Amino acid sequence: MIDETHSPAKKSWVSGADAHPDFPIQNLPIGVFSPPAGAPRGGVAIGDHILDLAKALAAGLISGKAAEAAAKAELNDYLALDGNERAALRKHVSDLLDGSTDAGKDASSQPSLLHAANKCTMHVPARIGDYTDFYTGIHHATNVGKLFRPDNPLLPNYKYVPIGYHGRSSSIDVAGPVKRPTGQRKPATQDAPDVGPCRSLDFELELGIWLGGKGNSRGETIPIARARENIAGLCLLNDWSARDLQAWEYVPLGPFLAKNFATTISPWIITAEALEPYRISQPARPEGDPKPFDYLWNEEDQKSGSFNVEVYMYLTTEKMRAAGAAPHRLGRSAMKHMYWTCAQLVTHHASGGCNLSAGDLLGTGTISTPDDSGLGSLLEASRGGAVAIELSNGETRKFLEDGDEIVFRAYCTAPGRPTIGFGECRGQITG
């Protein structure tokens, strides 16, 4: 799966692309954008620009079923293609953007193929039929468990079964305002609940897994050895959480209004094909942990089922932005802190016969570090609101206030390979 499109020597004719921290020619993420005057259509990020796939198709620079699917305003048909078809389109786009190829020289003479990314509007890249959020960050699960069960933070099922819940796809969006939700709350100091705005609004650092391929019919399963065929790419995901609403409502059926008001994702799909050189082994389970059941175990998945992705969390306040101050870095975490692989999540989701489809989205759950350097939520960092976090400008936070903006960024690295990034996942709280 690693081919010439991943070559570190490959250069693009697009100005600034070769040194770009997120979108060099070795990345080529796909998404849906609107140019300043035009309808939504598929595009590929290259440096600070977007290659217009609809225009490239109309100009005859790319052709075929994959190109037609990728140029649409919703990428479900593109995601439903098999990996070989998606890889073939990636090769064509790579050639178009390569300054040394005949296709690249032809494309470089047609400047209308490119749009300045900062002039465009990004959209959710596919019609999300279903959304499921998992709980694979064992350090997050342990930290949260300690707040409620100090002597036994992890429930008995955690190391046997990937824990998850079905979320709400209608409130998933790319960057934009996030309205503070209202709901029932019952602080420990009150005898009865009341209704009002969330007082303990939080973020959760996650990765999103875009599903693709053929999926499975209802009643069928997806064997662990085939699960990768159904993973089309990754994105960043912020699972906003109303902690005080959640504490009151989650027993006995789990998250509801505390989670369904907003989920923010980064707009670009970092394709499975682009991620191939950055595969790493899944960290070994601690001694004494149970081995997963056979349906969740695959040696190849353990050897190469994770990716070397590091994720950074930033917070800006209204005062910071007014003063032109740099964002406060909340921490850095990594995909290696997931207890389960992406393939295990896919296989387990389908193991009872649930049908998965191209365009479905899975959240990994909050990915925290084992120490305090990369806690993926304010709930953990503030010890449940007991400790204030001091920001770089002297302000403090226990939970998010109106005007606060959370930004996630992520990067893949590998020896001898260029860094590729995910772009930004950005959302600002409004009252």
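Note that the coordinates shown come from a computational prediction; the quantities given were computed from them, not determined experimentally. (Residues numbered from 1 in each chain as written. Predicted model: local features only at pLDDT ≥ 70, side-chain atom pairs only at ≥ 80, totals over all residues. Heavy atoms only, no water.)

### Observations regarding the packing of aromatic side chains
Counted under the stated rule, the structure contains seven aromatic pairs. With a centroid separation of 5.7 Å and 85 degrees between ring planes, the pair formed by Y339 and W340 is classed as edge-to-face. W340 shares its class with Y339; the two are buried. Site record: aromatic cluster; members linked through ring pairs are Y135, Y158, Y339 and W340. In this structure, R409 is placed above the aromatic ring of Y314, and the distance from its NZ or CZ to the ring centre is 5.1 Å. (Phe/Tyr/Trp six-rings, centres within 6.5 Å; stacked < 30°, edge-to-face > 60°. Buried < 20%, exposed > 50% of the residue type's maximum accessible area, 1.4 Å probe, protein only. Lys NZ or Arg CZ within 6 Å of the ring centre and 35° of its normal.)

### Quick word on helix α6 (residues 138–148)
When α6 is considered as a whole, its buried residues turn out to be I138, H140, A141, T142, V144 and G145. Next to the buried residues of α6 lie α7 (243–249) and α13 (378–381). (Helix = DSSP H or I, 4+ residues; strand = E, 2+ residues; numbered from the N terminus. Contact = heavy atoms within 4.5 Å.)

### Some details on the sheet that holds strand β4 (residues 114–116)
Reading across the sheet, the five strands line up as β4-β3-β2-β1-β5 and stay open at both edges, with antiparallel pairing between neighbours. Bordering the open sheet on either side are β4 and β5 (121–123), each of which pairs with just one other strand. Across the sheet, the mean angle separating the axes of adjacent strands is 45 degrees when strand polarity is ignored. Judged from the three bridges that link them, strand β3 (residues 49–52) and β4 form a sheet pairing that is antiparallel. Following the sheet pairing, H49 is matched in β4 by A116. (Pairing = 2+ DSSP bridges. Axes fitted to C-alpha atoms, helices over the stretch in contact; angles between N-to-C directions.)

### Considering the sheet that holds strand β26 (residues 420–430)
Pairing in this open sheet of five strands is mixed, and the strands run β9-β26-β25-β20-β21 from one edge to the other. Since the sheet does not close on itself, it has two edges, and those belong to β9 (176–179) and β21 (328–334), each with one partner. With strand direction ignored, the average angle separating the axes of adjacent strands in the sheet is 25 degrees. Relative to β21, strand β20 (residues 309–316) runs antiparallel, the two being bridged by six bridges. Directly across from Y314, in β21, lies its bridge partner R329.

### Looking at the side chain of D239
Following the sequence through the fold, D239 ends up in the loop between β14 (231–238) and β15 (241–242). Taking the relative accessible area as the measure of exposure, D239 reaches 0% and is therefore buried. Within polar-contact distance, the side chain of D239 engages the side chain of K259 at 3.0 Å. Among residues more than four places away in sequence, those in contact with D239 are Y131, D133, Y165, F203, E204, E206, K259 and T263. (Polar contact = N/O pair within 3.5 Å; in protein donor to acceptor, adjacent residues only side chain to side chain.)

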